[in-house]
Amino acid sequence: MAPAVDGHFAIIAGISLSFVAVKVLGRFITKRQNSPSLPPGPVPLPLLGNVLSIDAQEPWLTYTEWGAAYGDLVFVQIIDEKMVVVNSQHTAEALLDKRSRIYSDRPYLATLEPYGLSINFGFMGYGDEWRLCRRLFHQTFRSESAVKFLPIQIRRAHEMVNNLVNDPQHYHDHFATFSLSVVMSTVYGHDASARDDPLVQNVVKALIPGLAVLTPERALMLKTFPFLLKLPDWCWGSSIKRTAQSSTERINEMANAPFRYVQQHMADSSILVRSSMVAENLRRMETQEEVSNPAFESTLKKAATTATMGSYETTSAILMVFVLAMVLYPDVQKRAQAEIDSVVGRERLPTFEDRASLPYIDALVRETFRWQPIGPLGIPHATSSDDIYEGYFIPKGTIITYNTWSITRDEKRYPDASRFIPERFIDVDGALTGDDPAQYTFGFGRRACPGRYTADASVWSAIVTMLATLDISSAKDDQGKLISFTPTFTTGVVRCPAIFPCSISARSRTHSDLVDCWQTAEF
Ligand code: HEM
């Protein structure tokens, strides 16, 4: 009988197991059916994902094409990384602004630590240290505080025009000096000399090679082969380690030298210390015992260095875009100069008090930010937990790339989008429209650019002063023939027009006299 019992038992057990298996399978299938899927996207290859389909030089062009094929949200697999590309302002706001609790992290970059770039809080993960850096930064650069820098910005713009008239060939260098001299004043109270300033040179020495290594390929290489940073000096391939070490040394010097400058000035009672982000916070640190000094000092140094890094390439790249537009669209330049002449006259230079009466200049500034965005993909965010948006599953740790380029190329919003047309921001009454590209060119949510008010004022003061005093046009060769060129752009953290031939000169005798006045004026 025993075998019969066993047989029954086996049958019952079999039926039960099958029942459980069917139940589990049923649940799995229902879950698969009900569970949200990843956003649509191109089919990935095994191991490599979609890497080979992406334009390596201008990835935003590929993402814009995919946006047209798959919609606002596109899922992309890059080797073992998940990425979601956001192709519209509306969806970027819905995720990065309205759900900023989830979408404010940054992806891990294997290049940051070894090259000394982790000092930049713009690349830090979302956490307490980032929060403290951002708070210190915000105190100095929020819109109400940033107004106190306006006189410095105007003064530096005058100095820049002076440099441009005297040495027009090196226009790009003068833009870089302008952008760094503004940030050096605001952050360290340092009045940089117009040329060859040692603190400015430290920045250029550190950042030109430092930012160049911030490419996704370099980060991927170090993530995949971290031993490259540990190779002994005699070994082939150890140059990467040495480049990383020297980058770290240069960045440390760039961070420490201006900090020491403020501390030494504060210690010397005979020197009047200019108000600046670092001086104000060091003073506060002396009076607030509860602040842990070394930790606070290190955070302050990070916030200050990030301001320099955040300003360096961005402001000068926008001014390069402006000059390119003036060379290619001379009628725009004429209309802008006519507005300045009629509102400000030719006897004085524009100031911020004139800004509200110069709508065409503001439209031109907006178009400069839109026409050739200097950050076509901004800085990527990352999710810190799982999310579901409009039925799509976005897993924790996904890289979120918002495609600013595709927003600027939306033909419904910007007809003839590839042309430089400031009039698109002017309404029928001649006033500015409500469409301001600052809503998307400075990023989104809690990580949106905290330097945008200073950036906007620097760019406006530089552009209005150049338009008031200079003529910018195509360069001519020795025979007087126009030199034609096809604009090209650098790629890297910031997309900037590569140096192109152009002619920059004072608009008239009156204007060159004004330039001479600034040269001799006591500021
Ligand atoms: C033309 C000028 C500029 C443009 C177009 C620009 C644009 C941007 C963008 C797109 C981001 C990333 C935002 C995001 O992740 O959503 C960013 C971040 C940042 N920018 Fe700017 N920026 C400019 C100038 C400046 C200036 C002048 C400063 C400093 C005074 C600055 C400081 C920063 C900082 C600190 C961050 C990192 C914020 C964080 O991660 O919390 N930027 N900027």
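Residues numbered from 1 in each chain as written. Predicted model: local features only at pLDDT ≥ 70, side-chain atom pairs only at ≥ 80, totals over all residues. Heavy atoms only, no water.

## Things to note about the coordination of the iron atom of the ligand
Move 1: Counting protein donors to the iron atom of the ligand gives just one, Cys-449 (SG), placed at 2.3 Å.
Move 2: As for its placement among the helices and strands, Cys-449 is situated in the loop between helix H16 (438-441) and helix H17 (452-469). (Donors = N, O, S within 2.8 Å, 3.2 Å for Na, K, Ca; no water. Helix = DSSP H or I, 4+ residues; strand = E, 2+ residues; numbered from the N terminus.)

## With respect to the side chain of His-381
Move 1: Looking at where His-381 falls in the secondary structure, it is placed in strand S3 (residues 381-382).
Move 2: Polar contacts involving the side chain of His-381 include one to the main-chain carbonyl oxygen of Tyr-103, which spans 2.8 Å.
Move 3: When neighbours within four sequence positions are excluded, His-381 is seen to be in contact with Leu-96, Tyr-103, Ser-104, Asp-105, Arg-106, Pro-107, Thr-398, Ile-399, Ile-400, Tyr-402, Phe-444 and Arg-447. (Polar contact = N/O pair within 3.5 Å; in protein donor to acceptor, adjacent residues only side chain to side chain. Contact = heavy atoms within 4.5 Å.)

## Some remarks on a nonpolar patch on the surface
Move 1: A contiguous nonpolar surface patch, about 440 Å² in accessible area, is contributed by Leu-45, Leu-47, Leu-48 and Leu-52.
Move 2: On the secondary structure map, Leu-48 appears in the loop between helix H1 (2-34) and helix H2 (59-70). (Patch = residues over 30% accessible without salt bridge, like charges linked within 9 Å, V, L, I, M, F, W, Y side chains within 5 Å. Areas by Shrake-Rupley, 256 points an atom, 1.4 Å probe, with all protein chains shown as cover. Salt bridge = Lys/Arg side-chain N within 4 Å of Asp/Glu carboxyl O.)

## Here's the deal with the site of the ligand
Move 1: As a structural note, the neighbourhood of the ligand is formed by 28 residues, with Arg-106, Trp-130, Arg-134, His-381 and Cys-449 the closest of them.
Move 2: Within the contact set of the ligand, an oxygen atom lies 2.8 Å away from a side-chain nitrogen or oxygen of Arg-106.
Move 3: Between the ligand and Tyr-402 there is a distance of 3.2 Å, counted from an oxygen atom to a side-chain nitrogen or oxygen.
Move 4: Those elements giving two or more residues to the shell around the ligand turn out to be helix H4 (128-141) and helix H12 (293-328).
Move 5: Along the lines of polarity and charge, the residues of the shell around the ligand split into 16 nonpolar, nine polar and three charged. (Near = heavy atom within 4 Å. Nonpolar A, V, L, I, M, F, W, Y, C, P; charged D, E, K, R; others polar.)

## Thoughts on the UniProt feature "binding site: heme" (unreviewed entry) in the protein chain
Move 1: Summarizing the sequence annotation, UniProt attributes the feature "binding site: heme" (unreviewed entry) to Cys-449 in the numbering used throughout.
Move 2: Overall, the relative accessible area of 26% leaves Cys-449 in the partly exposed class. (UniProt positions renumbered as here; feature names shortened; annotations may be inferred. Buried < 20%, exposed > 50% of the residue type's maximum accessible area, 1.4 Å probe, protein only.)

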